[in-house]
Amino acid sequence: MANNPMGAISSYFTTVMVVLYLRIGAAYSLHISECKKPEKGAALFIFGDSYFDVGNNNYINTSTLDQAHFWPYGQSYFKSPTGRFSDGRLISDFIAEYANVPVPPPFLQPGNEEDNYVGGANFASAGAGSLVQTFEGATQVNNYKKVKILLRNKLGSSKSDKIFRSGVYLISIGTNDYLSPFLTNSTVLTSYSRTQYVQMVIGNLTTVIEEIYKNGGRKFGFLNLGDLGCLPGLRMLNPPTKNGCLEEASKLAKLHNLELHILLLRLQKKFKGFTYSLYDYNRSLRQRMNHPSRHGLKEGKRACCGTGRFRGICSCGGKRPVKQFEVCKSPNKHVFWDSYHLTQTIYQQMAAEMWNGPLIGGPSTLKTLFQCL
């Protein structure tokens, strides 16, 4: 597929999506009829990268590019940095609010006790991905197993198993796997076709999902990947005469999203009780980049914090390689906060769509997952 013209890929993608949505409609009707409200809110377990990291990387000796515990991160809501890669709250923070559950604590935060995990935990780590080069994805599953043991020892098998079975598992992973070849000296994309590379990422993600299911997970929330070539940090890699997106990165994201959709349908058929919500993050982001005014915004392409073209140089605070940077006056009018991440305003809008729809390419909204036992 990597050698086919993109027109053929687009045609194939459209055909497959029509079939998928027809299947999803029938599944959604069946699933809704089986739902009832639980007595207490389900636990929320979060896996992923910097889009969901609420401070785990504060406790990891990692690159400063993978940390955000310095000003001006957090300025719009917390008034101080927390380790979140935004000017304020993230999607996962808003989902916890909508579900009326405590914001899950970062697993690596010192001083956590067993009681802290009854409502869930956040394992997400900036820089994490699916492949060996970004091996934190597997590490996060191992940390999840540690929480399972802690709660089993604290509450007993019956109560702890119920927490993990009724919990919602929110996952955002893959972005770093596709960004890294363009931001490093990696030659991996010359060794594999696009299809082969995407299948490696999806294969490792499959293993992670199956391991979570094996350990109790049944209800999953996923985000597909954004139009990666349009992130300020990649858009600026084009020659100065071109202001468009870096198409090669966007093509990888498009193929990944198709394979992810097919994977989730397959897992739903394979595993009893497996259900999911898949949010079309890609489409949502493109709408806001291309038509910011329709969403109460003014700037859809240029980051609020950074430097260089599109403020695409990752220089927003801290001990960055480039220490000088600019910060816009109104982050709430921007789509992008920094070179690769979004503003709190966008995260809140997206969380609302994940909770209620539309742009859900799966049999459930997140609201439904939390209401279904």
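Whatever comes next refers back to the structure up there.
Residues numbered from 1 in each chain as written. Predicted model: local features only at pLDDT ≥ 70, side-chain atom pairs only at ≥ 80, totals over all residues. Heavy atoms only, no water.

Teacher, can you tell me more about the overall build of the protein chain here?
The number of helices and strands found in the protein chain is twelve helices and seven strands. Looking at the protein chain as a whole, 54% of its 373 residues are labelled buried. Contacts in the protein chain between residues far apart in sequence, at least 24 positions, make up 72% of those at least 6 positions apart. (Helix = DSSP H or I, 4+ residues; strand = E, 2+ residues; numbered from the N terminus. Buried < 20%, exposed > 50% of the residue type's maximum accessible area, 1.4 Å probe, protein only. Contact = heavy atoms within 4.5 Å.)

Explain empty space enclosed by the protein to me, please; I cannot follow it from the model alone.
The rolling of a water-molecule-sized probe over the atoms marks out the regions of remaining empty space. If you walk through the whole model with that rule in mind, you get four cavities of 30 Å³ or more. In this structure, the largest cavity occupies an estimated 50 Å³ of space. Of the residues contributing to the lining of the largest cavity, the split by class is four nonpolar, four polar and no charged. (1 Å grid on protein atoms, 1.4 Å probe; cavity = no way out; pocket = protein on both sides within 12 Å on 5 of 7 lines; lining within 4 Å. Points joined across faces, edges and corners; volume = space filled by probe spheres on them. Nonpolar A, V, L, I, M, F, W, Y, C, P; charged D, E, K, R; others polar.)

In this structure, what is going on with the packing of aromatic side chains? I would like to understand it.
Aromatic ring pairs are defined here through the distance separating the ring centres and the angle between the ring planes. Scanning the entire structure with this criterion turns up 24 aromatic pairs. Between the aromatic rings of Phe 123 and Tyr 144, the centroid separation amounts to 6.2 Å while the plane-to-plane angle is 80 degrees, which identifies the pairing as edge-to-face. Taken together, the positions of Phe 123 in the loop between strand E2 (120-122) and helix H3 (136-155) and Tyr 144 in helix H3 put the pair 21 residues apart, joining distant regions of the chain. Exposure class is identical for Phe 123 and Tyr 144. Each is buried. Seen from the ring of Tyr 77, Arg 89 lies directly overhead, with NZ or CZ sitting 4.1 Å from the centre. Positioned above the aromatic ring of Tyr 213 is the side chain of Arg 218, whose terminal nitrogen or guanidinium carbon lies 3.8 Å from the ring centre. (Phe/Tyr/Trp six-rings, centres within 6.5 Å; stacked < 30°, edge-to-face > 60°. Lys NZ or Arg CZ within 6 Å of the ring centre and 35° of its normal.)

Where do I start with helix H2 (residues 91-99) in this structure?
Turn by turn, an α-helix covers 3.6 residues, leaving residues three or four places apart pointing in a common direction. With respect to burial, H2 is a largely interior element, seven of its nine residues being buried. Three or more residues of H2 are buried, namely Ile 91, Ser 92, Asp 93, Phe 94, Ile 95, Ala 96 and Ala 99. The secondary structure elements touched by the buried residues of H2 are strand E1 (44-48), E2, strand E3 (168-172), strand E4 (219-223), helix H11 (344-356) and helix H12 (366-371). Just beyond H2, the residue with positive phi is Asn 100, at close to 60 degrees.

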